[in-house]
Amino acid sequence: MKLTMYEASVPVFTRYLGQLAGMVRLAEEFAAQRNIDPQSILQARLSPSMYPFAVQVEIAANFAFRACAPLAGAEVPPFGGHRESFAALTARLAETRAFLATLTPGQMEGSERRQFTSQAGLGSVSLEGPVFLLQYALPNFLFHVTTAYAILRHMGVGLGKADYDGFHVYAAPVKP
């Protein structure tokens, strides 16, 4: 079975952006149920040198744009300012999924033979399509989704692996 660039990108980004939206919802509910200032979760981080939860969510959404728009031969839409609320993060994730829904397999045909350049921290990478997607964009996207998940677990939000991937089924996590 040969996988197309579209099949390896759009459905994966779409699925995990949906999972991430569910995690944002759980974080918002957690804060509301416990009378916690939402900013304490939105600005939470695992280490002082890491980006906070809200930025992790934004970067994950941005990677979906940064990967799929170029693969489809489209311009990467502007990211806009930082999202400072659960509602704004939820809207950003919905916008990203809506953009992905406009893409077609035909738009990505031939992208496996093209070079793509992207900002990688303070550097820049120029990679062929499959390497760009499978070794750069998807791992970075999943890194930020996973880090957002880890921050929420660290903050005590009752979520588990099923919330991350939507495939696993476990007993409900013990609530602190």
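In case you missed it, the structure is sitting above this.
Because the structure is a prediction, the values reported are computed rather than measured.

Novice: What is the right way to read the nonpolar core from this model?
Specialist: Considering soluble globular proteins, one finds that nonpolar side chains tend to be buried as a cluster. Formed by 54 residues in total, the largest nonpolar core has its most connected members in F13, F53, L100 and L103. Mapped by element, the contributors of at least two residues to this core are α1 (5–33), α2 (38–42), α3 (53–71), α4 (86–102) and α6 (129–154). When sequence neighbours within four positions are dropped, the list of residues in contact with F13 reads F63, A64, A67, C68, L100, L133, L138 and F141.

Novice: Explain the pairing of strand β2 (residues 123–128) to me, please; I cannot follow it from the model alone.
Specialist: Walk down a regular strand and you will see the side chains alternate between the two sheet faces. Both strand β1 (residues 115–120) and β2 contribute to a ladder of 6 bridges, which runs antiparallel. Bridging from a neighbouring strand, T117 pairs with S126 of β2. A loop of 2 residues connects β1 with β2, the two strands running antiparallel in sequence, and G121 in this loop sits at a positive phi of about 65°.

Novice: How do you make sense of α6 when you look at a structure like this?
Specialist: Given 3.6 residues to a turn, an α-helix orients residues that are three or four positions apart in the same direction. With 26 residues, α6 extends 36 Å between its outermost C-alpha atoms, agreeing within 8% with the 38 Å of an ideal straight helix rising 1.5 Å per residue. Of all the bends in α6, the largest measures some 30° and sits at A137, one to four residues before the proline P139. One or two positions beyond α6, positive phi appears at G156, with a value near 95°.

Novice: Just checking my understanding: could you explain the environment of E128 for this structure?
Specialist: You can see E128 is positioned in strand β2. Exposure remark for E128: the relative accessible area of 44% places this residue in the partly exposed category. Taking the C-alpha atoms as reference, E128 lies 21 Å from M1; in sequence the two are 127 residues apart. Apart from the residues lying within four places of it in its own chain, the contact partners of E128 are R114, Q115 and F116.

What counts as what
- Residue positions within a chain follow its written sequence, with the count starting from 1.
- Local features are withheld for residues below a pLDDT of 70 in this predicted model, meaning they are given only at 70 or higher, and side-chain atom pairs are given and counted only at 80 or more; totals for whole chains, interfaces and linings count all residues.
- Water and hydrogen atoms were dropped before computing side-chain values, which therefore reflect all heavy atoms in the structure.
- Within this scheme, the nonpolar core is defined by two criteria: the residues are buried Ala, Val, Leu, Ile, Met, Phe, Trp, Tyr or Cys, and they are joined through side-chain atoms within 4.5 Å.
- Using a 1.4 Å probe on the protein chains alone, a residue whose accessible area is under 20% of its type maximum counts as buried, one over 50% counts as exposed, and one in between counts as partly exposed.
- Under the scheme used here, helices are H or I runs from DSSP no shorter than 4 residues and strands are E runs no shorter than 2 residues, and both carry numbers assigned from the N terminus.
- Whether two residues touch is decided by their heavy atoms; if any such pair falls within 4.5 Å, the residues are in contact.
- Think of it this way: DSSP has to see at least two bridges between two strands before they count as a pair.
- To estimate the expected span of a helix, count its residues, drop one, and scale the result by 1.5 Å.
- Bending is quantified residue by residue as the angle between axes fitted to the seven-residue window ending at that residue and the seven-residue window starting at it.

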